[in-house]
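Analysis of the macromolecular model
Chain by chain, the residues run as shown.
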Amino acid sequence: MTAAATNTTPTTKLTVRDLCVYYGEKKGVGPVTMDIAERHVTAFIGPSGCGKSTFLRSLNRMNELIPGCRIQGEVELDGDAIYGPGVDPVTVRRRIGMVFQRSNPFPKSIAENVAYGLRIGGLKDEREIAMRVERALQHAALWDEVKDRLNDNALGLSGGQQQRLCIARALAVEPEVLLMDEPASALDPIATAHIEELINEISSDYTVVIVTHNMQQAARVADYTAFFYMGELVEFDRTDVLFTKPSNQRTEDYITGRFG
Amino acid sequence: MAKGLDGDMRTLTSREHTNREYEQELRRLREQLLLMGAKVEEIIRGSIRALTERDTAVAEQMIAFDKKINQLELEIDEQCMQILARRQPVASDLRFITMALKLVTDLERIGDLGVNISERVVELNAEPPLKPYVDMPNMAREVQEMLHEALDAFVAADADRAQRVIVRDRNVDAYYTQIFRELLTYMMEDPRNIFRATRLQSIAKYLERIGDHVTNLGEMVVFMVKGKDIRHGGRQSDANGA
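Residues numbered from 1 in each chain as written. Chains lettered and ligands numbered in written order. Predicted model: local features only at pLDDT ≥ 70, side-chain atom pairs only at ≥ 80, totals over all residues.

**Focus: the overall build of chain B**
Within chain B one finds seven helices and zero strands. Each helix and strand of chain B, ordered N terminal to C terminal, gives the series α-α-α-α-α-α-α. Dimensions of chain B, computed from the C-alpha atoms along their principal axes, are close to 70 × 35 × 25 Å. For chain B, buried positions account for 36% of its 242 residues. By sequence separation, contacts in chain B at least 24 residues apart represent 78% of the contacts at least 6 residues apart. (Helix = DSSP H or I, 4+ residues; strand = E, 2+ residues; numbered from the N terminus. Buried ≥ 20, exposed ≤ 12 C-beta atoms within 10 Å, placed from the backbone. Contact = placed C-beta atoms within 7 Å.)

**Comments concerning the overall build of chain A**
Of regular secondary structure, chain A possesses ten helices and ten strands. Here the C-alpha atoms of chain A give a radius of gyration of 18 Å, agreeing with the 18 Å that 2.2 N^0.38 yields for 260 residues. Dimensions along the principal axes, computed over C-alpha positions, put chain A at roughly 55 × 45 × 35 Å. Taking all 260 residues of chain A together, the buried fraction comes to 50%. For chain A, the share of sequence-separated contacts (at least 6 apart) that also reach a separation of at least 24 residues comes to 69%. (Rg over C-alpha atoms; globule rule 2.2 N^0.38 Å.)

**A word on the sheet that holds strand β10 (residues 232–238) of chain A**
All names here are of chain A. Spatial strand order, β6-β7-β8-β3-β9-β10: six strands in an open sheet with mixed pairing. Edge positions in the sheet fall to β6 (96–99) and β10, since each of these pairs with one other strand and no more. Strand-to-strand twist of the sheet, defined as the mean angle between neighbouring strand axes without regard to direction, takes the value 20 degrees. (Pairing = 2+ DSSP bridges. Axes fitted to C-alpha atoms, helices over the stretch in contact; angles between N-to-C directions.)

**Some remarks on the confidence of the model for chain B**
Detailed reading of the predicted model is not advised wherever pLDDT is low. All names here are of chain B. For chain B, the average pLDDT comes to 89, and 90% of its residues sit at 70 or higher. When pLDDT is averaged over each element of chain B, helix α5 (residues 159–189) comes out on top at 96 and helix α7 (residues 236–239) at the bottom at 45. Predicted confidence for residues 1–13 stays below pLDDT 50, and this span has 26 contacts to residues more than four positions away or in other chains. In this model, residues 236–242 is a region of pLDDT below 50 whose contacts with residues beyond four sequence positions or in other chains number five contacts. Reported confidences for the modelled complex are a pTM of 0.82 and an ipTM of 0.74. (pLDDT = per-residue confidence, 0-100.)

**Observations regarding the packing of helix α1 (residues 20–52) of chain B against helix α2 (residues 56–87) of chain B**
Two measures define how a pair of helices packs: the angle their axes make with one another and the distance between the axes. Residues and elements named next belong to chain B. Close contact between α1 and α2 brings their axes to 9 Å; oriented N to C, the two are set at 160 degrees. Here α1 is positioned roughly antiparallel relative to α2, judged by the angle of their axes. Crossing handedness for the pair α1 and α2: left-handed. Residue composition of the contact of α1 with α2, by class: 17 nonpolar, five polar and eight charged. (Parallel < 35°, antiparallel > 145°, perpendicular 65-115°, else oblique. Left-handed = near helix turned anticlockwise from the far one by under 90°. Nonpolar A, V, L, I, M, F, W, Y, C, P; charged D, E, K, R; others polar.)

**Some words on unusual backbone geometry**
Omega for the bond connecting A:G30 with A:P31 falls within 30 degrees of zero, at 0 degrees, which places this linkage in the cis form. Tracing the sequence through the fold places A:P31 in strand β2 (residues 26–37). The phi angle at A:R39 is positive, at roughly 55 degrees, despite the residue not being glycine. In this structure, A:R39 sits in the loop between β2 and β3 (41–45). Phi is positive for B:A91, which is not a glycine, with a value near 50 degrees. Tracing the backbone through its elements, the reader meets B:A91 in helix α3 (residues 91–125). The buried category is assigned to B:A91, around which 20 C-beta atoms lie within 10 Å.

**So, the nonpolar core**
By size, the foremost hydrophobic cluster in this structure holds 78 residues, and its most contacted members are A:A168, A:L179, A:I210 and A:F228. If one sorts the elements of this core by residue count, helix α6 (residues 159–172) of chain A sits on top with seven residues. Those residues in contact with A:F228 that lie beyond four places of it in its chain are A:F44, A:G46, A:C50, A:G51, A:K52, A:F55, A:L233 and A:V234. Counting residues in each nonpolar core, the second largest holds 60 residues, with B:I63, B:I110, B:L147 and B:I203 among its members. (Core = buried A, V, L, I, M, F, W, Y, C linked by C-beta atoms within 7 Å.)

**What to know about the sheet that holds β2(A)**
Residues and elements named next belong to chain A. Overall, antiparallel pairing links the four strands, which are arranged β2-β1-β4-β5 in an open sheet. Two strands close off the open sheet at either side, each with one partner strand: β2 and β5 (80–81). Where strand β1 (residues 12–23) lies against β2, eight bridges are found, and the strand directions are antiparallel. What sits directly across from Y22, in β2, is K27.

**Description of the pairing of strand β4 (residues 69–77) of chain A**
Within a regular strand, side chains alternate between the sheet's two faces. All names here are of chain A. Direction of pairing for β1 relative to β4: antiparallel, over a ladder of eight bridges. If you follow R17 over to β4, its bridge partner there is E74. Where β4 meets β5, two bridges bridge the pair, whose relative direction is antiparallel. Looking at β5, one finds that L77 is bridged to D80. Linking two consecutive strands that pair antiparallel, namely β4 and β5, is a turn of two residues; a positive phi of about 50 degrees is found at D78 within it.

**Section: the environment of B:P137**
All names here are of chain B. Secondary-structure assignment places P137 in helix α4 (residues 135–156). Exposure remark for P137: the 13 C-beta atoms within 10 Å place this residue in the partly exposed category. C-alpha of P137 to C-alpha of L51: the two residues are 86 residues apart in sequence and 9.0 Å apart in space.

**Thoughts on α1(B)**
An α-helical turn contains 3.6 residues, so a residue and the one three or four places further along point in the same direction. Residue and element names in this part refer to chain B. For α1, built from 33 residues, the straight-helix expectation of 48 Å at 1.5 Å per residue is met to within 8% by its first-to-last C-alpha distance of 48 Å. Within α1 the residues assigned to the buried category are L26, L33, M36, G37, V40, I43, I44, G46, S47, I48, A50 and L51. For α1, the secondary structure elements touched by its buried residues are α2, α3, α4 and α6 (194–226). (Expected span 1.5 Å × (residues − 1).)

**Some words on the environment of B:Q79**
All names here are of chain B. When you line up the elements, Q79 lands in helix α2. Since 20 C-beta atoms lie within 10 Å of it, Q79 is described here as buried. When the C-alpha positions of Q79 and A64 are compared, they lie 25 Å apart, and in sequence the two are 15 residues distant.

See below:
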């Protein structure tokens, strides 16, 4: 957790107003209103099916890829409506990157995985690409482990390394926000610790939003934590407050293990 | 930003943990704390009786009794360590465990002060009485009641009751000042009174200290229930309304 969460109010990076996500007629989550702090880590916790991942995906317009999905309300990135008319979802996703639960490297070399987004974006200068690949790998705390085998196939990396590679790939295009959907839930404790350390590191440059099933993980990495339950945002507060003195009984019951 | 959204949904039902074994561990810890509290009350009650009834035998019993309290302190510490290591408690559970760790320290000290009273009683009983006790039994009663109330507030998780205990510490301090002043006059009157008067003054001081420890207990109960630290006028973050 970064020290900044203590006193001064940070700048808002993402502003969410009355956001509702529907799957057909059924409401998946909402209405949610919250401000997500710039260069801080915000975690979403809650039981399965509570809407936290749905909400996360609506922050970079990933839900539109799901048939029958409909969005109401507003999300602003630095004051720009990401669902505004004429806004290209691809541009939004370039500014707001995403990392998934299962690491999904391409069957290419380590370097090409990280370079992929840059090449798609039209970057051709090989020296520039090599430089940004290195920087992304360093940001993702993977550089030291792979610098001597950048041309090896990425699928030969361990699970934890693959996940950090995916984070490097997301960081290579220099997004402003990084969304992470259970980024460590398929990893062993040491690989998890690497990811958590990395989240802490990158939060000085990026706004990080993480969905996690592991409450202790939220307590460890997040500056702010939001608790979702049955499609509703129940409580959103500083992590240190939420885990010692939650103000809602349902939050208390959930985090202390008194649910169900 | 960052506000808890509602407080009105709060239902004050005390639900049980999904994990029954964890629930049992917390219950066992609570019972051990209460047992320790009861034993501390007993040692104070016995020591006061030994003083007012000049009963050396009871005083000696109380001195030996302290071992049981010390043993409980070790057991409770161990239980708290185990729960912290294995359950990673949060929210009200975390406040309960951290409070339990501190509560035992204060309870153990109160027990020690009870022993100190009995030790002074043994010395006093070897001499003829200096004077009839007037304020001392009143002071002792006030301290005992406060201790009892603090433990009840803990059992009932009643922050208001704990607050009322905290306020009463003033009465104890006033008794101490009064007794000290009176004993001084005895000592000035006749140097042969000094041995007994200093013993009595020590006892009054022990009672006054017990009052302080009981005040700590009250503050811990408030913290456990409300999550609000009221020691030293409250922390900065509470003052900010965080």
